[in-house]
Amino acid sequence: MTENPEQHRHPGEWPVQPVDTGADQTEHDQLYVQRAQEHALREMVLGSIRHDLTQQPTPAAIRTAARTWKDAITNLADELINTRRNER
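So, how was this worked out
- Residues numbered from 1 in each chain as written.
- Predicted model: local features only at pLDDT ≥ 70, side-chain atom pairs only at ≥ 80, totals over all residues.
- Heavy atoms only, no water.
- Helix = DSSP H or I, 4+ residues; strand = E, 2+ residues; numbered from the N terminus.
- Buried < 20%, exposed > 50% of the residue type's maximum accessible area, 1.4 Å probe, protein only.
- Areas by Shrake-Rupley, 256 points an atom, 1.4 Å probe, with all protein chains shown as cover.
- Patch = residues over 30% accessible without salt bridge, like charges linked within 9 Å, V, L, I, M, F, W, Y side chains within 5 Å.
- Salt bridge = Lys/Arg side-chain N within 4 Å of Asp/Glu carboxyl O.
- Axes fitted to C-alpha atoms, helices over the stretch in contact; angles between N-to-C directions.
- Left-handed = near helix turned anticlockwise from the far one by under 90°.
- Contact = heavy atoms within 4.5 Å.
- Nonpolar A, V, L, I, M, F, W, Y, C, P; charged D, E, K, R; others polar.

## Focus on the overall build of the protein chain
Right, on to step 1. Secondary structure summary: the protein chain contains two helices and zero strands in total.
Right, on to step 2. By residue count, 3% of the 88 residues in the protein chain fall in the buried class.
Right, on to step 3. Working note: accessible area of the protein chain is about 8400 Å², and carbon and sulfur atoms make up 55% of it.

Following this line, the structure appears as C-alpha cells:
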C-alpha cells in the first residue's frame, strides 16, 4: 500500500505516522505525551474490566463481578496507602 502524502487523513486514522520523540521536545509536548500515555493505560484497564463484565451470563452475575472488581481495586488502594504511610 503506497501512501500519498497529499491525501488527507483524519486524526487517529491508520496508518499513523511515527512521531519523533527526541530530546528537543518542549515541556508542553512532554506533558501532552504523558497525559496521552496515562489516558491510554486507563482505557486499556477499563477495556479489560469491560471485557470481563461482558463475559458474565446474567445481569446479576455482571453486578457480582463489578463488585468483585470494586473490592479488588479498593483493597489494592488500601495496601498502597498503608505502604506509603509506613515509608514516612
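Anyway, onward from the coordinates.
## Examining a nonpolar patch on the surface
Right, on to step 1. There is a patch of nonpolar side chains on the surface, built from Leu41, Met44 and Val45 and spanning about 300 Å² of accessible area.
Right, on to step 2. When you line up the elements, methionine 44 lands in helix 1 (residues 27-54).

## Some remarks on the pattern of salt bridges
Right, on to step 1. The final tally for this structure, using the stated rule, is one salt bridge.
Right, on to step 2. Its salt-bridge partner being aspartate 71, residue lysine 70 comes within 4.0 Å of it at the nearest N-O pair.
Right, on to step 3. Taking relative accessible area as the criterion, aspartate 71 reaches 40% and is therefore assigned partly exposed.

## Quick look at the packing of helix 1 against helix 2 (residues 59-87)
Right, on to step 1. In contact at an axis separation of 9 Å, helix 1 and helix 2 are set at 150 degrees when each is read in the N-to-C sense. For the pair helix 1 and helix 2, the sense of crossing is right-handed. Judged by residue contacts, Ile49, Asp52 and Leu53 of helix 1 engage Ile62, Ala65, Ala66, Trp69 and Ile73 from helix 2.
Right, on to step 2. Here the residues of the contact of helix 1 with helix 2 sort into seven nonpolar, no polar and one charged.

Note that all results are geometric; they support no functional claim without further evidence.
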